Amino acid sequence: MPDYQAILQDIHSRNLAEKSDGQVASYIPGLAQVSPDQFGIHLRTASGEDFSMGDSETQFSIQSISKVLLLAMVASTEGDEIWERVGVEASGDPFNSLVQLEYEKGIPRNPFINAGALVICDILLGLYDDPESDFLNFVRQISGIPDVRYDQSVAESEREVAFQNLAMLNLMKGFGNIHHEVDAVIRFYCAACSISMSCHGLTHAFALFMNHGKLDSGEEILTINKAKRINALMQTCGFYDESGEFSFCVGLPGKSGVGGGIAAVNPGRYSVVAWSPRLNAKGNSAAGLRALRRLTDLTGNSIF
Ligand code: DON
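Bear in mind the structure is a predicted one, so any value in this text is a computation, not a measurement. (Residues numbered from 1 in each chain as written. Predicted model: local features only at pLDDT ≥ 70, side-chain atom pairs only at ≥ 80, totals over all residues. Heavy atoms only, no water.)

Colleague: Tell me about the overall build of the protein, and please be specific about residues and values.
Modeller: On a plain count of helices and strands, the protein comes out with 13 helices and eight strands. Expected size for 304 residues packed as a compact globule is a radius of gyration near 19 Å; at 18 Å, the protein falls within 12% of this value. Expressed as lengths along the three principal axes of its C-alpha atoms, the size of the protein is roughly 55 × 40 × 35 Å. Looking at the 304 residues of the protein, the share that counts as buried comes to 56%. Within the protein, contacts between residues at least 6 apart in sequence are counted, and of these 69% link residues at least 24 apart. Of the side chains in the protein, 23 bear a positive and 36 a negative charge, and the two mean positions are spaced by 4 Å. (Helix = DSSP H or I, 4+ residues; strand = E, 2+ residues; numbered from the N terminus. Rg over C-alpha atoms; globule rule 2.2 N^0.38 Å. Buried < 20%, exposed > 50% of the residue type's maximum accessible area, 1.4 Å probe, protein only. Contact = heavy atoms within 4.5 Å. Lys, Arg positive; Asp, Glu negative; His and termini not counted. Charge placed at Lys NZ, Arg CZ, Asp CG, Glu CD.)

Colleague: Summarise the sheet that holds strand β8 (residues 270–275); cite the residues concerned and give the values.
Modeller: The strand order β2-β1-β8-β7-β6 describes an open sheet built from five strands, whose pairing is antiparallel. Sheet topology places β2 (50–54) and β6 (254–256) at the edges, where each strand pairs with a single neighbour. Going from strand to strand, the sheet's axes swing by 10 degrees on average, the running direction of each strand aside. Judged from the six bridges that link them, strand β1 (residues 40–45) and β8 form a sheet pairing that is antiparallel. When the sheet's bridge partners are listed, Thr 45 is paired in β8 with Tyr 270. (Pairing = 2+ DSSP bridges. Axes fitted to C-alpha atoms, helices over the stretch in contact; angles between N-to-C directions.)

Colleague: Break down the sheet that holds strand β5 (residues 195–197) for me, citing the residues and quoting the values.
Modeller: Pairing is antiparallel in the open sheet, where three strands are placed in the order β3-β5-β4. Lying at the two open borders of the sheet, with one neighbouring strand each, are β3 (60–61) and β4 (149–150). The pairing of β4 with β5 spans two bridges and is classified as antiparallel. Each bridged residue has a counterpart across the sheet, and for Tyr 150 the counterpart in β5 is Ile 195.

Colleague: How would you explain the site of the ligand if you had to name every residue and give the values?
Modeller: Around the ligand, the structure places 15 residues, and the nearest of them are Tyr 27, Gln 63, Ser 64, Glu 158 and Tyr 189. At 2.8 Å from an oxygen atom of the ligand is found a main-chain nitrogen or oxygen belonging to Val 258. Notes on the ligand: free accessible area 340 Å², of which the protein chains cover 99%. Given that more than half its atoms are within 2 Å of the pocket grid, the ligand belongs to the second largest cavity. (Near = heavy atom within 4 Å. Polar contact = N/O pair within 3.5 Å; in protein donor to acceptor, adjacent residues only side chain to side chain. Areas by Shrake-Rupley, 256 points an atom, 1.4 Å probe, with all protein chains shown as cover. 1 Å grid on protein atoms, 1.4 Å probe; cavity = no way out; pocket = protein on both sides within 12 Å on 5 of 7 lines; lining within 4 Å. Sits in = over half its atoms within 2 Å of the grid points.)

Colleague: Explain empty space enclosed by the protein to me, and be specific about the residues and the numbers.
Modeller: The probe, sized like a water molecule, is rolled over the atoms to show the empty space still left. One pass over the structure, following the stated rule, counts three cavities of 30 Å³ or more. If you go around the largest cavity, you meet 14 residues; those closest to its centre are Ser 97, Gln 100, Leu 101, Arg 109 and Ile 113. Looking at the lining of the largest cavity, the element that brings in the most residues is helix α4 (residues 99–103), giving three residues. Here the lining of the largest cavity is built from residues that sort into eight nonpolar, three polar and three charged. Of the voids in this model, the second largest cavity is the one considered here, and its volume is about 50 Å³. Of the residues contributing to the lining of the second largest cavity, the split by class is five nonpolar, four polar and two charged. (Points joined across faces, edges and corners; volume = space filled by probe spheres on them. Nonpolar A, V, L, I, M, F, W, Y, C, P; charged D, E, K, R; others polar.)

Colleague: Break down helix α10 (residues 199–210) for me, citing the residues and quoting the values.
Modeller: End to end, α10 covers 15 Å across twelve residues, agreeing with the expected 16 Å (1.5 Å per residue, within 8%). Of all twelve residues in α10, ten are buried; the element is thus mostly enclosed. Within α10, the full set of buried residues consists of Cys 199, Gly 201, Leu 202, Thr 203, Ala 205, Phe 206, Ala 207, Leu 208, Phe 209 and Met 210. At the exit of α10 stands His 212, carrying a positive phi of roughly 55 degrees. (Expected span 1.5 Å × (residues − 1).)

Colleague: Please provide a residue-by-residue account of unusual backbone geometry, values included.
Modeller: Backbone geometry at His 212 places phi at a positive 55 degrees, although glycine is not the residue there. For His 212, the location among the structural elements is in the loop between α10 and α11 (224–237). The exposure class of His 212 is partly exposed, given its relative accessible area of 39%. Here the phi dihedral of Tyr 240 falls at roughly 55 degrees; this positive angle occurs in a residue that is not glycine.

Colleague: Requested: an account of the nonpolar core, with residues and values cited.
Modeller: In terms of nonpolar packing, the biggest core is built from 67 residues, with Phe 135, Phe 206 and Phe 209 touching the most fellow members. Phe 246, Val 250, Leu 252 and Val 272 belong to the second largest nonpolar core, which has 24 residues in total. (Core = buried A, V, L, I, M, F, W, Y, C linked by side-chain atoms within 4.5 Å.)

Colleague: Before we move on, could you go through the packing of aromatic side chains and cite the residues and values that matter?
Modeller: Evaluation of the coordinates by the stated rule reveals eight aromatic pairs. Ring geometry for Tyr 4 versus Phe 51: centroids 5.7 Å apart, planes at 50 degrees, classification tilted. Linking Tyr 4 in helix α1 (residues 4–17) with Phe 51 in strand β2, this pair joins segments that are 47 residues apart in sequence. No difference in accessibility class separates Tyr 4 from Phe 51, as the two residues are buried. Residues Phe 95 and Tyr 240 carry aromatic rings whose centres are separated by 5.4 Å and whose planes lie at 55 degrees to one another, so their mutual orientation is tilted. In this pair, Phe 95 is assigned in the loop between α3 (66–77) and α4 and Tyr 240 in the loop between α11 and α12 (243–249), connecting sequence segments 145 residues apart. Phe 95 sits in the buried class, given a relative accessible area of 13%. For Tyr 240, a relative accessible area of 5% corresponds to the buried category. These aromatic residues form a ring-pair network of at least three members: Tyr 4, Phe 51 and Tyr 270. (Phe/Tyr/Trp six-rings, centres within 6.5 Å; stacked < 30°, edge-to-face > 60°.)

This is the structure in structure tokens:
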């Protein structure tokens with residue numbers, strides 16, 4: 001096994017030496033006050049060993065990383081019919097883009113752009129009486145962390161400025177691909193994005209995808225084929241119009257969020273989460289991307 005602690009130490013000290021670039025997401029007011037130069041990284045191996053550096057226990061807003069957990073919850077009970085309402089192709093467009101939705105008749109390209117995650121939320125609204133509390137319980141179950149919570153002030157502040165997401169929802173509803181009230185879907189989506197977790201906590205949740213769909217206890221949440229598909233979507237769509245770059249530089253399935261987190265997995269080996277709030281122009285953590293690139297460079301191992 002590589003000396004992961006030494007590698008994380010190297011990543012951390014190189015990060016301190018670099019000048020900080022990028023901006024904290026400010027379009028959601030609740031995210032704008034985060035102190036920008038924090039940096040944490042945590043790696044959990046398949047055998048349950050934990051390694052960390054920096055602010056790895058600090059809670060941050062997981063934002064779009066939640067889209068993987070929402071998809072996992074739907075996939076845990078549903079079959080291939082979900083792929084009639086959301087595609088599996090990279091969009092090559094920003095996460096909040098509307099342009100493809102009209103000429104593709106309200107079917108989002110994939111479940112990790114905002115439009116796709118909104119459809120996944122709509123599906124969950126049809127499956128559960130109280131999806132907000134059931135989703136939280138799902139995240140608690142897969143992470144093994146009983147006090148995971150929504151950050152209501154972040155959720156509320158996103159709802160107040162959710163004009164583009166509401167535009168997507170209305171367009172998709174016009175095409176018949178949203179079955180519930182637009183207000184109910186946006187409420188659930190903003191809550192899901194507002195979950196606060198640390199790098200350490202998120203590596204436990206993402207162990208599911210490292211572990212081919214099983215929890216540490218051996219319980220199967222996703223079949224091996226469903227876990228494969230979610231990892232494939234992270235690989236091709238996890239970073240929007242920077243997915244090719246992430247694949248090229250890092251070579252792991254992963255997912256970013258505008259809170260500055262990036263979760264990634266090396267199936268059968270480890271789950272890893274890097275967090276640093278300054279984002280590059282594509283909405284992905286600038287220091288987080290560098291950290292994960294170094295991780296696979298220094299270990300000489302990726303999925304390729
Ligand atoms: O819908 C939004 O804009 C946010 N709640 C999530 C966007 C996001 O995290 C994009 N990721 N890099």
